[in-house]
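# A structural walkthrough
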Amino acid sequence: MSLYHLETLGRDAYINSIATIQDPQTLRFADQSMAWWDRHFSWNAQGCIVLCNEKNEHLCYLFSKIDRYSEYLTLYNLFTPKTQQRKGYATHLLRMTLALGVEKHVRRITFSSISTSLDFYRLLGFIYWGINDIGDYYCNLPLPREGLDGMKEMVHSSDIQTLLGRYLEKIHTKIDGNELKLSVAQNLIYKQDIFNLGSSYVRENLRIFKNTP
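The paragraphs below set out a description of the structure included in this document. (Residues numbered from 1 in each chain as written. Predicted model: local features only at pLDDT ≥ 70, side-chain atom pairs only at ≥ 80, totals over all residues. Heavy atoms only, no water.)

## Some thoughts on the pattern of salt bridges
Note the following rule: Any carboxyl oxygen of Asp or Glu within 4 Å of a side-chain nitrogen of Lys or Arg constitutes a salt bridge here. In this description a helix means any DSSP run of H or I spanning at least four residues, a strand means any run of E spanning at least two, and both kinds are numbered starting from the N terminus. Partly exposed describes any residue whose relative accessible area lies between the buried limit of under 20% and the exposed limit of over 50%, with all areas from a 1.4 Å probe on protein chains only and scaled to the type maximum.
Overall, the coordinates contain 8 salt bridges when judged by the stated rule. The closest approach of N and O atoms between aspartate 149 and arginine 95, which form a salt bridge, is 2.9 Å. With aspartate 149 in the loop between strand S7 (137-142) and helix H5 (151-157) and arginine 95 in helix H3 (residues 89-103), this pair connects stretches of sequence that are 54 residues apart. On the accessibility criterion, arginine 95 (30% relative accessible area) is partly exposed. Where glutamate 204 meets arginine 207, a salt bridge forms, and the shortest distance between an N and an O atom there is 2.4 Å. One end of the pair, glutamate 204, and the other, arginine 207, are both in helix H9 (residues 203-211), 3 residues apart, so they sit about a helical turn from each other.

Here it is in structure tokens:
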């Protein structure tokens, strides 16, 4: 039996939960995440998922959404209070969230990662097609039947056409030309990021595939 379970928080429950967060940086991000969700989605449909332990303590938070057609599980904001970091809670939360997606027959998973979160997702097996219009790294992949535990094997054993599926144009439109819009400072970070990502950054693979007759 799992030591952890998930709860879905409505807006009021979320406010009560994050009020217990002590470190200002996490609390600021939690407030920003709530404000973003207020602008874009209804809390009545889907809210914030929180990872809880046996004591029902809130360990890690994720804003995500499954669309009405079960085409995509989209990850938005994932964060762990500083006192709970480095304990694997974010991975637990993602694993359980993807498992729920599999149960609902969701076909793909997508998210955009900031520079400082790249390694976390890379180590779980995710790859990036390029950067979006605000410079975040864009991931859009099939959701394996094994959920998170099947991600590394799926990416390793699948060719680019399988990973793209019928979404080539959507993915290409999302990332096309954005690296050319970076400032000098942003470009320095970008070059270091893609060096660190190595084969997990597949922008060039996508370009070659799209231009192949």
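## Brief notes about the packing of aromatic side chains
Rule in force here: Aromatic rings from Phe, Tyr and Trp, taking only the six-membered ring of Trp, are treated as a pair when their centres fall within 6.5 Å; an angle between ring planes under 30 degrees marks them as stacked, one over 60 as edge-to-face, and anything in between as tilted.
Summed over the entire model, instances satisfying the criterion amount to 24 aromatic pairs. Taking 5.2 Å as the distance between ring centres and 70 degrees as the angle between the ring planes, the aromatic pair formed by tyrosine 14 and phenylalanine 63 counts as edge-to-face. Placement of tyrosine 14 in helix H1 (residues 11-18) and of phenylalanine 63 in strand S3 (residues 58-66) is noted, with a sequence separation of 49 residues between them. Each member of the pair, tyrosine 14 as well as phenylalanine 63, carries the same accessibility label: buried. Relative to phenylalanine 41, the ring of tryptophan 37 has its centre 4.6 Å away and its plane inclined at 45 degrees; by these criteria the two rings are tilted.

## Describing the sheet that holds strand S5 (residues 108-113)
Within a sheet, adjacent strands bond to each other through the backbone by hydrogen bonds, running parallel or antiparallel. This is how the line gets drawn: By definition, two strands form a pair when at least two bridges between them are found by DSSP.
The mixed open sheet is built from 7 strands, whose spatial order is S1-S2-S3-S4-S5-S7-S6. A strand with exactly one partner marks an edge of an open sheet, and here the two such strands are strand S1 (5-9) and strand S6 (130-131). Here 6 bridges tie S3 to strand S4 (residues 72-79), and the two strands are oriented antiparallel to one another. Of the residues in S4, the one forming a bridge with leucine 62 is leucine 78.

## Concerning the side chain of histidine 172
What counts, and what does not: Working rule for contacts: check all heavy atoms of both residues, and any pair within 4.5 Å makes them a contact.
Counting through the fold element by element, histidine 172 comes out in helix H7 (residues 168-175). If we skip the residues at most four places from it in the chain, histidine 172 touches Leu206 and Lys210.

## Things to note about the state of the cysteines
Which entries qualify depends on this criterion: Two cysteine sulfurs form a disulfide in these notes if their separation is within 2.5 Å.
As enumerated under the stated definition, the model contains 0 disulfides in all. Here cysteine 60 stays free of any disulfide, with the sulfur of cysteine 48 as its closest cysteine sulfur at 8.9 Å. Classification of cysteine 60 as buried rests on a relative accessible area of 0%. Cysteine 60 provides the cysteine sulfur closest to cysteine 139, a residue in no disulfide bond, and the two sulfurs are 18 Å apart.

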